[in-house]
Amino acid sequence: MALSVLCCSSAMCCCTSDTSTSRIFGPLLHPLPKSKLKVWPCPKRNTRLGLCAFVIKRPHQQVVVNTKKPRNSVSSEEVVRVLKSISDPTSAFSFFKSIADLPTVLHTTETCNYMLQLLGVHRRVGDMAFVFDLMQRHIINRNLDTYLTIFKGLNIRGGIRAAPYALPREALQVYQTMVSQGIRPSLKTYSALMVALGKRRDVQAVMGLLKEMETLGLRPNVYTFTICIRVLGRAGKIDEAYQIFKRMDNEGCGPDVITYTVLIDALCNAGKLDNAKKLFANMKARGHKPDQVTYITLLDKFSDCKDLDTVREFWSEMKADGYAPDVVTFTILVDSLCKAGNVDEAFSMLDIMRKEGVSPNLHTYNTLICGLLRLCRLDEALQLFNSMDSLGVTPTAYTYILFIDYYGKSGKSRKAIEAYERMKTRGIVPNIVACNASLYGLAEEGRLHEAKHIYDELIYSGLSPDSVTYNMMMKCYSRVGQIDEAIKLLSEMERNGCEADVIIVNSLIDMLYKAGRVDEAWQMFYRMKEMKLTPTVVTYNTLLAALGKEGQVGKAIAMFENMTEQGCPPNAITFNTLLNCLCKNDEVNLALKMLCKMTVMNCCPDVLTYNTIIHGLIRENRIDYAFWFFHQMKKLLLPDHITLYTLLPSVVKDGRIEDALKVSGEFAYQVGVRADKPFWEELIGTVIIQAEEDRAVLFAERLISERICLDDSVLIPLLRFLCTRGKTLDAQNLFTKFTRTLGVQPTLEAYNCLIEWLLKDLFTEQAWDLFKEMKIAGCAPDVFTYNLLLDAHGKSGNMTELFELYDEMICRGHKPNTITHNIVISSLVKSDSLDRAINLYYDLVSGDFSPSPCTYGPLIDGLFKSGRLEEAMHFFEEMAEYGCKPNCAIFNILINGFSKAGDVETACELFKRMIKEGIRPDLKSFTILVDCYCQAGRVDDALHYFEELRQSGLDPDSVSYNLMINGLGRSRRMEEALVLYDEMRKRRITPDIFTYNSLILNLGLVGMVEEAGRIYKELQLTGLEPDVFTYNALIRLYSTSGNTDDAYAVYKNMMVGGCSPNVGTYAQLPNQT
């Protein structure tokens, strides 16, 4: 269709014709080129431009809407007539805007109202806002029809967001003016306005309108009441919604099916499912047949609550009422089955659907994928996903989001990003949910570089971050210790018009507290009022926990009382947090009073509550009271594992073995309790730490002899305890007693534990004896056992014995794993058989061997130490070919290798590459780089990375401080070296002999003799013994400063102290004639 507008002026008339559809109205908005103008003489020389005619051209016909002679104005009826003749809303809207630009054609209420109605029909709320704004700017009267149309537009999905805030506000003002002038709005107007305000959650305004309409004598109908019930229900005001519902019967305006459905939906959303079922039954009893929407609502809500039995009941009732299940109801049933863990039954529903002529849709398949992922059946989920195209269903962003979310929450952030990138390659533009799901895993792992990439990509694509996005990014910054960046994001969030929610602020308060920035955490709490955020119970619980850790009992109690005054009732977590604070700060009596208050405030104590009090009593050594309190607890609640871990160690320590045995025996046979291997190991582990060794062993022996515990699960923690304290032979004796005297059948775990520690403590012969014993006893060694012994051979350089054991392992049917092969490769490298190790590596990778970073580490390190740098880099680049991602340790080997080779630039590039690939450098990474730059004399660069180390959230240790102090000293920058030395001590990092030697030597080299002497005195006060390098530095100091006697005095002290001089000592001594 093409449109021509014929205009005339005092000089000429112009006509545009045959314009294309895409450029219909260009001539009205911009001057026409001369080539497109036709000129006619004008019979009347009028100085004003008038509209002559509208010509609408369609294929095969031409319609002239108005052929009158040119005049100064055009009626609104004519404009409306033209608008009505244009069926395409885009063309009509463009014409409407072009008319508005003509100086003599004015839009009226009628033309604007028609345009609003047309745009409303086509759900173009943004364009409706333009028309409304034009009416305001041109001062065009806005009548009831205008606002009624606007109110309807606000009900359109997305309309509230697209429409200017002024629309409902001004509409209310106009409404109030109308009422004040005696104009009575219709019920239809009220309903439309109530719906629009309800969408904005303005409950007060909606209920005010209901009251006002009744004051004006308008009687609400079913529709009006239902609107009010919906608005109140969505606001969570269920009691008020019920009151409206009851009013309907009282006023002779009985609820209909829609009313019932709306109230049922509200009850379900409020978690009042039983009330919803009762209302449904009442609905049917009163003769109202539920419609399909009612059933869909009930099925959906009860499915969300994982109530499969009730879903089946409603399903049967729906079919009995004559409603054949469609794809929506089938999908809800599939979802309910998946949530109940019955995924296989959910899949069987697909066959039923097809038999009943219902085709599964995208949502059905997404639901099944979600169910499979919920059960960690990833392979099946991927198989279904890959078959979707062949089933005629195209995956959408949501389908990919399911996998992204699964990978992220399973700790597989790399896989999550891969799924995110695959989604983009399929031409699916990521939405905010996809971005947030991708950020989750990255935030958990602190992979800031990749998280920032997704965040920047999100901004670039025009998406606006939401509160979840900001929360993920702030968590990511927190993980890497960059809390200031997280706080900056909060400010950015507010600047971008994205209101901070209380969850984000709670998260920041928690971050600040964990980082030790207590004052800032409280400032963030006080800032909540400025942000118009009300602290939640989570906010208070976070602060209470922090105050408890600081031991600020008074402030914690004041905070608790304040939250009650502020209308935020405490929950069980609040009480437990406060009780924990009191008990850990020796205020158990106050905690007991608070426990009484807990019951008064209708907050039921749980097992954690009692465990906390028991722990407090134990701390105060009130064992009898704790034991009595335990029995009081049993009257109300069954103890859990933590209860026994808390109580029994002190009971055993107190020598009350019989009481401990009785409690253990009762617990072992308690209904619903699994007194399994992990339980006994944890129990004995806590007992032996707190009680005396002899009593703990006696308790364990009695558990075996009384047949309360029937396996070696009480023996294993005793073995570990003794071994970790250097009593490995005592552990072996205990093992012998339990197995030979008490008749305990040792498991593989017990054998492996003892063999491992015997080897660590170099009791190699005993370890081999135990290995032989276990085979005789019929306990077959596993791969872990063989790996322990293979590693022992490798460390001893016994390569012949290593390969003999390796062959035995294979002969006994134990397939070597990656660790086994890594041990062999590492052992070969250590025994100077690097090429043999490389040959073994290539033999392995030609099979089914999957190398790990521990495979490549020894090989790359060995090549560097052999000066074969190019081969080392070749192995590094080859890692990706075998699906092995280098870790921090591999990069450290590389950086160190190039550093030792003097190639500083390559070392630095590798460090940067490491960060770019999302691998967080550790302390060793920074230390290697600092040493590298110091050795190269580039101290400023070393300082840069030392500072970056501190900002990364890592704490420098004595090695990194020593390297930096020595680097500054060698560059004669002693003032800075001394500042670092002081900082080191302030941070409670004890200087070692290397620190003092470096300072004394370098202070002497710059002539700071007195300062060097002071450092030496500090060395003596620490109790450290000076070594040959200390004495050499002092001798050099005194020799170069001309203090010959002092130099020889140091030499004599050195000899008397038993420290042997070296060549450097004699070189530093001054000549004596």
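Residues numbered from 1 in each chain as written. Predicted model: local features only at pLDDT ≥ 70, side-chain atom pairs only at ≥ 80, totals over all residues. Heavy atoms only, no water.

Draft legend 1. Seen up close, the overall build of the chain. Scanning the chain from terminus to terminus reveals 59 helices and four strands. For the chain, with 1073 residues in total, the buried portion stands at 49%. Sequence-distant contacts in the chain: of pairs separated by 6 or more residues, those separated by 24 or more amount to 61%. A total of about 52,400 Å² of accessible surface is found on the chain, and carbon and sulfur atoms cover 52% of it. (Helix = DSSP H or I, 4+ residues; strand = E, 2+ residues; numbered from the N terminus. Buried < 20%, exposed > 50% of the residue type's maximum accessible area, 1.4 Å probe, protein only. Contact = heavy atoms within 4.5 Å. Areas by Shrake-Rupley, 256 points an atom, 1.4 Å probe, with all protein chains shown as cover.)

Draft legend 2. Representation of the packing of aromatic side chains in the model. Summed over all chains, the structure comprises 40 aromatic pairs. Against the face of Tyr323 rests Lys289, its NZ or CZ located 5.2 Å from the ring centre. Here Arg656 stacks its cationic end above the ring of Phe627, 4.9 Å away from the centre of that ring. (Phe/Tyr/Trp six-rings, centres within 6.5 Å; stacked < 30°, edge-to-face > 60°. Lys NZ or Arg CZ within 6 Å of the ring centre and 35° of its normal.)

Draft legend 3. The packing of helix α22 (residues 413–425) against helix α24 (residues 448–460), seen in detail. Put simply, α22 and α24 touch, their axes get as near as 12 Å, and they point 25° apart. As summarised for this structure, α22 and α24 are arranged roughly parallel, according to the angle between their axes. Handedness of the α22/α24 crossing: left-handed. Here Arg414, Ile417, Tyr420 and Lys424 of α22 come into contact with α24, specifically with Glu450, Ile454 and Glu457. Looking at the contact of α22 with α24 residue by residue, the class counts come to three nonpolar, no polar and four charged. (Axes fitted to C-alpha atoms, helices over the stretch in contact; angles between N-to-C directions. Parallel < 35°, antiparallel > 145°, perpendicular 65-115°, else oblique. Left-handed = near helix turned anticlockwise from the far one by under 90°. Nonpolar A, V, L, I, M, F, W, Y, C, P; charged D, E, K, R; others polar.)

Draft legend 4. Representation of a nonpolar patch on the surface in the model. On the surface, Leu1001, Leu1005 and Val1006 cluster together into a nonpolar patch covering about 180 Å² of accessible area. Mapping Leu1005 onto the fold places it in helix α55 (residues 993–1005). (Patch = residues over 30% accessible without salt bridge, like charges linked within 9 Å, V, L, I, M, F, W, Y side chains within 5 Å. Salt bridge = Lys/Arg side-chain N within 4 Å of Asp/Glu carboxyl O.)

Draft legend 5. Highlighting the environment of Asn431. Residue position: Asn431 is located in the loop between α22 and α23 (432–445). The class of Asn431 is partly exposed, set by a relative accessible area of 29%. In this structure, the C-alpha to C-alpha distance between Asn431 and Tyr398, residues 33 residues apart in sequence, is 9.1 Å. When residues no more than four places from it in sequence are discounted, the contact partners of Asn431 are Ala397, Ile401 and Leu463.

Draft legend 6. Main features of helix α14 (residues 273–285). The first and last C-alpha atoms of α14 sit 18 Å apart over 13 residues, in line with the 18 Å expected at 1.5 Å per residue. The complete set of buried residues in α14 reads Leu273, Ala276, Leu279, Phe280 and Met283. The arc that holds the buried residues of α14, viewed along the axis, is 115°, so those residues lie on one side. More than 90 degrees from the buried face of α14, the exposed residues found are Asp274, Lys278 and Ala285. Tucked into the core, α14 has its buried residues touching α12 (238–250), α13 (257–269), α15 (292–304) and α16 (308–320). In the stretch just after α14, Gly287 is the one whose phi turns positive, near 85°. (Expected span 1.5 Å × (residues − 1). Arc of directions from axis to C-beta.)

Draft legend 7. Broad picture of the pattern of salt bridges. With the rule as written, the count across this model stands at 57 salt bridges. A salt bridge links Arg868 to Glu871, with the nearest nitrogen and oxygen atoms 2.8 Å apart. Taking relative accessible area as the criterion, Arg868 reaches 23% and is therefore assigned partly exposed. Using a relative accessible area of 34% as the deciding quantity, one classes Glu871 as partly exposed. Here Arg950 and Glu983 are joined by a salt bridge, their closest N and O atoms 2.4 Å apart. In this pair, Arg950 is assigned in helix α52 (residues 939–951) and Glu983 in helix α54 (residues 974–986), connecting sequence segments 33 residues apart. Each of Asp982, Arg985, Glu1011, Arg1014 and Glu1018 takes part in salt bridges that share partners, so that together they form one network.

Draft legend 8. Representation of the side chain of Thr785 within the structure. Here Thr785 lies in helix α43 (residues 783–796). Residue classification places Thr785 among the buried positions, given a relative accessible area of 0%.

Draft legend 9. Summary view of the confidence of the model for the chain. Scored by pLDDT, the chain has a mean of 83; 89% of the residues are at 70 or more. Here residues 1–71 is modelled with pLDDT under 50, and outside its nearest four sequence neighbours on either side it reaches 127 contacts, counting other chains as well. Low pLDDT, under 50, characterises residues 156–167; the predicted model gives this stretch 24 contacts beyond four residues in sequence or across chains. (pLDDT = per-residue confidence, 0-100.)

Draft legend 10. Geometry of the packing of helix α30 (residues 553–565) against helix α31 (residues 572–584). Orientation of α30 relative to α31, taken along the N-to-C sense of each, is 165°, at an axis distance of 10 Å. Relative to α31, the element α30 lies roughly antiparallel. Helix-helix and strand crossings are classified by hand; for α30 and α31 the assignment is left-handed. Each of Val553, Ala556, Ile557, Phe560 and Met563 in α30 lies in contact with α31, whose residues at this interface are Thr574, Phe575, Leu578, Cys581 and Leu582. Of the residues contributing to the contact of α30 with α31, the split by class is nine nonpolar, one polar and no charged.

Draft legend 11. Representation of the environment of Pro535. Note that Pro535 resides in the loop between α28 (518–530) and α29 (537–550). Each C-alpha atom, one on Pro535 and one on Met563, is 8.6 Å from the other, the two residues being 28 residues apart in sequence. Those residues in contact with Pro535 that lie beyond four places of it in its chain are Phe525, Met528, Tyr540 and Cys568.

Draft legend 12. Here's a closer look at helix α17 (residues 327–339). Between its first and last C-alpha, α17 extends 18 Å over 13 residues, near the 18 Å set by a 1.5 Å rise per residue. The buried count for α17 comes to twelve of 13 residues, which makes it a mostly enclosed element. Buried residues belonging to α17 abut α15, α16, α18 (343–355) and α19 (362–374). Just downstream of α17, Gly341 is the residue with a positive phi angle, here 85°.

Draft legend 13. Just the side chain of Ser98, in detail. Along the chain, Ser98 falls in helix α3 (residues 89–100). Looking at Ser98, its side chain comes within polar contact range of the main-chain oxygen of Phe95, at 2.7 Å. (Polar contact = N/O pair within 3.5 Å; in protein donor to acceptor, adjacent residues only side chain to side chain.)

Draft legend 14. Inspection of the environment of Met1054 at higher detail. One can find Met1054 in helix α58 (residues 1044–1056). Among the residues examined, Met1054 registers a relative accessible area of 0% and is labelled buried. For Met1054, the residues in contact, after removing those within four places along its chain, are Val1028, Tyr1031, Cys1059, Ser1060, Pro1061 and Thr1065.

Draft legend 15. Fine view of unusual backbone geometry. For Lys306, which is not glycine, the phi torsion reads 60° and is therefore positive. Mapped onto the elements of the fold, Lys306 is located in the loop between α15 and α16. On the basis of relative accessible area, Lys306 is assigned to the exposed category, the value being 54%. Backbone geometry at Asp586 places phi at a positive 60°, although glycine is not the residue there. Note that Asp586 resides in the loop between α31 and α32 (588–600).

Draft legend 16. Structural detail: the state of the cysteines. Tallying each qualifying case throughout the model produces zero disulfides. Cysteine Cys603 remains unbridged, with the sulfur of Cys604 as its closest cysteine sulfur at 7.1 Å. (Disulfide = S-S within 2.5 Å.)

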